[in-house]
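Per-entry structural report
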Amino acid sequence: MTVCVLIVSAPLLPGDTNCDVSALRRKQCFGLGFKLASPPNNPAPPVLWSLRRKQKGPHLRVEVETDRPTGRMTAETAPSTVVTGAEGGGGGAHQHAASKTPLLYYDQECAKVEAWLDEHPEFMQDYFLRKATRQVVDSWLVTHATSTSSMTQSSTGESPTQPTGGSSRGGSGATTPVRKISAHEFERGGLLKPIVTTIDGTPTFLVTPSPDSTSNCTSTHHMATNNNMHNSNAAQASQRRSRIELRHLDEKELIFELVKDICNELDVRSLCHKILQNVSMLLRADRGSLFLVQGSTCGGRCLVSKLFDVCSRSTLEEMEKKEEIKIQWGHGIVGFVAESGEQVNIPDAYKDNRFNHDIDLMTGYRTRTLLCMPIKDCNGEVIGVAQVINKQGESCFTTNDEKIFASYLQFCGIGLRNAQLYETSQLEVKRNQVLLDLARMIFEEQSTIEHMVYRILTHTQSLIQCQRVQVLLLHQASKGSSFSRVFDLEASDMECEDVDSRTSPFESRFPINIGVTGFVATTGETLNIADAYSHESFDRSVDEGTNFRHKSILCMPIKNSSGQIIGVIQLVNKFDDLAFTRNDENFVEAFSIFCGMGIHNTHMYEKAVVAMAKQSVTLEVLSYHASASLDEAHRLKSYVVPSSKKLRLLDFTFDDIHMSDDETLKACLRMFMDLDLIERFHIDYEVLCRWLSSVKKNYRNVTYHNWRHAFNVAQMMFSIISQATQWWKVFGDIECLALVIACLCHDLDHRGTNNSFQIKASSPLAQLYSTSTMEHHHFDQCIMILNSPGNQILGNLSSEEYSRVVKVLEDAILSTDLAVYFRKRGSFFNVVRTHDNWVHEDNRELLRGMTMTVCDLAAITKPWEIEKRVADLVSSEFFEQGDIEREELNITPIDMMNREKEDQLPLMQVAFIDSICLPIYEAFADLSPTLKPLVDRVRENKMHWLELSEVNVTQKRKVIDGEDSRQ
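What you see is a predicted model, and the numbers here were worked out from it, not measured in a lab. (Residues numbered from 1 in each chain as written. Predicted model: local features only at pLDDT ≥ 70, side-chain atom pairs only at ≥ 80, totals over all residues. Heavy atoms only, no water.)

With that settled, consider the overall build of the chain. Summing up its helical and strand segments, the chain has 33 helices and 17 strands in all. Counting only residues that meet the buried cut, the chain has 50% of its 967 residues in that class. Residue pairs at least 24 apart in sequence account for 69% of intrachain contacts in the chain once pairs closer than 6 positions are excluded. (Helix = DSSP H or I, 4+ residues; strand = E, 2+ residues; numbered from the N terminus. Buried < 20%, exposed > 50% of the residue type's maximum accessible area, 1.4 Å probe, protein only. Contact = heavy atoms within 4.5 Å.)

Turning our attention to the UniProt feature "active site" (unreviewed entry) in the chain. Sequence positions flagged by UniProt for "active site" (unreviewed entry) are, in local numbering, His-705. Mapped onto the secondary structure, His-705 falls in the loop between α22 (685-697) and α23 (707-724). Polar side-chain contacts of His-705 include one of 2.5 Å to the side chain of Glu-877. (UniProt positions renumbered as here; feature names shortened; annotations may be inferred. Polar contact = N/O pair within 3.5 Å; in protein donor to acceptor, adjacent residues only side chain to side chain.)

Core analysis: the largest hydrophobic core is formed by 94 residues, its most contacted members being Phe-672, Trp-691, Leu-737, Ile-741, Phe-828 and Tyr-921. Looking at which element gives the most residues to this core, the answer is helix α24 (residues 728-745), with 11 residues. Each residue touching Phe-672, except ones within four places of it in the same chain, is listed here: Leu-677, Ile-678, Leu-688, Trp-691, Leu-737, Val-740, Ile-741 and Leu-744. Within the second largest apolar cluster, 31 residues are counted, among which are Ile-558, Ile-566, Phe-587 and Val-588. (Core = buried A, V, L, I, M, F, W, Y, C linked by side-chain atoms within 4.5 Å.)

Most of strand β12 (residues 466-474) is tucked away: 8 of the 9 residues are buried. In this structure, β12 lies alongside strand β17 (residues 565-574), joined through 7 bridges in antiparallel fashion. Looking at β17, one finds that Val-471 is bridged to Ile-569. Two strands pair when backbone bridges link them, and β12 and strand β13 (residues 483-490) are joined in this way by 7 bridges, in the antiparallel orientation. If you follow Leu-474 over to β13, its bridge partner there is Phe-483. (Pairing = 2+ DSSP bridges.)

Below, the discussion takes up the UniProt feature "binding site: Zn(2+) 2" (unreviewed entry) in the chain. With numbering aligned to this structure, UniProt lists the feature "binding site: Zn(2+) 2" (unreviewed entry) at Asp-747. Secondary-structure assignment places Asp-747 in the loop between α24 and α25 (755-760). Classification of Asp-747 as buried rests on a relative accessible area of 6%. With near-sequence residues (within four places) excluded, Asp-747 lies in contact with Tyr-699, His-705, His-709 and His-778. Side-chain polar atoms of Asp-747 contact the side chain of His-746, separated by 2.9 Å.

Here the focus is a nonpolar patch on the surface. Taken together, the side chains of Phe-128, Leu-129, Val-136 and Trp-140 make up a nonpolar region of the molecular surface, amounting to roughly 370 Å² of accessible area. Breaking the nonpolar patch down by element, the ones donating at least two residues are α3 (121-131) and α4 (134-144). Structurally, the position occupied by Trp-140 is in helix α4. A residue is classified by how much of its surface remains accessible, and Trp-140, at 30% relative accessible area, is partly exposed. (Patch = residues over 30% accessible without salt bridge, like charges linked within 9 Å, V, L, I, M, F, W, Y side chains within 5 Å. Areas by Shrake-Rupley, 256 points an atom, 1.4 Å probe, with all protein chains shown as cover. Salt bridge = Lys/Arg side-chain N within 4 Å of Asp/Glu carboxyl O.)

Right, let's talk about the packing of aromatic side chains for a bit. The final tally for this structure, using the stated rule, is 13 aromatic pairs. Ring geometry for Tyr-821 against Phe-822: centres 5.3 Å apart, planes inclined by 55°, an arrangement best described as tilted. A residue is classified by how much of its surface remains accessible, and Tyr-821, at 1% relative accessible area, is buried. Relative accessible area serves as the criterion here: at 40%, Phe-822 is assigned to the partly exposed category. (Phe/Tyr/Trp six-rings, centres within 6.5 Å; stacked < 30°, edge-to-face > 60°.)

Checked against the element boundaries, Lys-326 lands in strand β8 (residues 325-328). Of the residues examined, Lys-326 reaches a relative accessible area of 56% and is grouped as exposed. For the pair formed by Lys-326 and Val-304, sequence separation is 22 residues and the distance between their alpha carbons is 4.5 Å. Excluding anything up to four places from it in sequence, Lys-326 contacts Leu-303 and Val-304.

Following this line, the structure appears as structure tokens:
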């Protein structure tokens with residue numbers, strides 16, 4: 001074990017007895033070329049560090065214990081003091097070093113080795129290729145990379161703003177993106193991380209290479225895409241003179257060498273760092289700082305620097321770790337120089353009222369002399385300010401120093417402008433690559449609007465890095481007043497277990513801030529709100545009762561290719577409590593253009609799918625059905641139509657079992673006559689006859705849901721509204737016409753299977769209508785017949801009357817879906833209990849819908865022999881559907897449709913009466929006492945079904961007993 005003792009210059013403040021390890025690590029300890037390379041607090045064997053501070057005047061004594069053989073190493077340096085601080089608006093911002101910092105020299109042996117390596121670059125390159133480890137190469141790449149922060153993020157695959165706990169998922173083509181880049185990174189300056197490549201060779205920022213290949217792929221591609229610049233840097237580095245050699249050059253030769261040092265540098269930060277180090281060497285200054293101009297003349301300019309207090313020993317990595325300093329335009333010494341374009345040479349900083357004295361008080365360092373000068377481009381525009389502090393040797397900066405400073409900064413201004421232009425071009429390339437990648441993501445798959453919007457939400461959140469994203473799609477006819485669908489995504493959703501398998505976003509989880517989104521939807525203007533609660537359009541009530549608080553909001557319209565607003569995208573609460581910037585606006589604006597086109601194309605695709613499904617259904621229908629002929633219409637027209645009394649159309653016990661099809665058509669004509677619909681709406685009698693014949697012909701020959709069922713429903717509607725309740729006075733002529741048509745057409749083209757079967761079988765009808773599948777089809781068939789030549793019974797109505805009839809007709813037919821009945825009956829029962837006025841359209845719509853249900857289920861109100869016959873027809877049709885489900889779909893049908901459970905039919909009928917029939921008929925009896933017979937017969941039929949159930953149970957028991965006795 002050998003003990004090496006180093007005497008090192010280090011901070012010595014009053015009362016300070018602890019070793020400043022970070023300061024020690026930054027310092028070069030020169031004793032036979034020895035250097036502290038490993039952090040003392042985290043040593044790697046075999047070196048064991050033991051630091052003991054002994055205060056011997058201004059020196060720090062470090063004893064290094066190591067098991068490596070070495071000689072005693074000592075180094076003596078002059079006292080020094082390190083004070084950190086920042087000067088504000090008063091006089092620039094910088095850190096100050098010692099007033100007496102000696103020039104550091106290698107020992108003679110090391111200097112000779114370095115000089116020899118400089119003179120033999122071929123050997124040095126060969127040695128490097130043969131002996132350099134992967135860690136050394138990586139360190140070199142990081143040091144010479146265009147942006148230290150970017151390279152760090154590239155190699156780790158992470159971003160400083162990435163929420164903790166997130167994991168890498170998916171590629172750019174996947175639903176869930178992995179953020180390889182964010183919009184915020186474009187604001188930092190410097191080249192961004194290199195583009196990576198997917199497995200299929202498609203360039204993208206949003207993919208996830210394998211963990212083993214990430215750094216290799218990134219580094220390799222970075223080296224390939226920047227090969228020329230790296231080669232020039234390598235050649236330049238091999239020709240650079242050592243600092244010892246530079247100090248022996250005269251002034252002109254030194255300036256020439258320093259100009260060559262920066263002429264090929266295209267990275268802004270690296271260039272600024274070199275400029276400051278070279279300036280400090282030229283002028284023998286203690287420290288230097290450089291500020292760059294940001295902003296525009298109209299938008300407000302400022303001076304920004306991450307490179308302040310740069311000395312000859314400072315590294316770019318150290319400077320990158322420091323906080324960015326901003327100085328207002330025209331404030332302090334730096335701001336004055338930038339605004340005036342004039343140089344400032346201050347021999348005594350404390351005598352200049354623009355200098356901020358507080359910084360020296362805070363740091364313990366005293367600023368004496370200061371030389372500050374603008375950096376101008378070839379057009380004479382100020383693009384930055386450079387300042388040097390405290391000329392060595394207790395002297396002031398001279399006129400000659402000013403000339404040298406100005407001469408060198410002329411070249412620096414040109415180089416800096418070139419570097420900024422190069423950086424801008426590279427950023428634009430990266431920006432275009434990001435947008436192209438996003439466009440590819442949007443357009444590569446446009447199957448459904450849900451999948452499209454989910455891609456938009458995930459990639460927007462990944463790009464902009466905010467807490468919440470919403471996409472609100474407008475009602476096409478609302479003109480910005482309401483939204484049809486609201487999709488949302490939170491940053492925490494990206495950490496859920498099912499994020500990779502999701503293909504559709506969440507909907508309507510959060511309240512809509514209609515003040516902001518409505519304004520953007522109606523005006524088409526962008527809102528960028530830094531403080532939501534201080535903005536007049538923000539509604540604070542959306543945060544009430546939630547654990548969420550809106551802070552910053554960016555809301556933009558989404559337009560289609562025609563410029564029409566089709567939706568709004570809203571981003572809420574940018575990470576790190578930052579406000580959304582103009583850069584964010586530019587990205588979202590560009591992205592929203594692609595989103596608008598994608599959403600529009602998806603809408604068109606869905607319409608095309610619907611159109612194809614409609615065509616398929618229409619061809620199927622037309623192949624089976626056809627309009628009635630004129631001969632059929634003439635024949636029906638020639639018949640004498642009996643009276644309602646003779647046909648018993650006003651009787652609740654009406655039965656059509658003995659009527660022919662022609663007699664049912666004559667009965668329908670009588671209904672139109674007695675309701676005075678023919679005269680009131682000027683319906684051509686022959687057209688009416690042909691329309692009725694076409695409607696009858698468009699019913700399929702299924703067991704129950706056929707023309708006879710439709711006719712019975714119409715008869716019950718006629719008997720209720722015409723005589724029993726006189727509700728024709730409540731509804732009026734237009735609604736009565738629509739209700740009669742609805743009853744006759746409410747099951748048009750019924751296939752003997754229900755809505756559930758259509759969905760299970762994935763039929764074209766199910767693709768066409770997601771809810772009330774068959775009812776929507778019945779309505780469409782009704783409209784098709786009404787618009788067919790020779791069947792246009794509504795042809796003489798005004799446009800307002802026609803629209804009203806169609807609206808009531810649609811509502812009435814859709815009301816025959818029991819799912820709609822269950823959804824609306826609660827509201828109807830409330831209206832009945834409160835005896836509300838039927839003048840209100842909403843109440844009258846409920847009454848029309850419930851009346852359709854009462855008529856559709858009217859078989860349950862017939863005498864037992866009729867009810868039993870109809871129930872057998874219904875069960876037979878149900879069993880036929882169950883057989884198809886079992887044979888063709890390979891599924892077990894529900895009990896109601898299971899032929900094997902036919903003996904349970906009576907009990908199922910009782911349950912049907914209790915849950916569906918009795919509540920609605922009792923409510924109608926409360927509305928009109930004349931309808932009480934309907935309720936009475938429902939109760940009577942229930943008792944019959946109960947008796948039949950007991951008989952079935954008894955018979956089943958006898959069968960079981962007989963089998964037991966035989967055994």
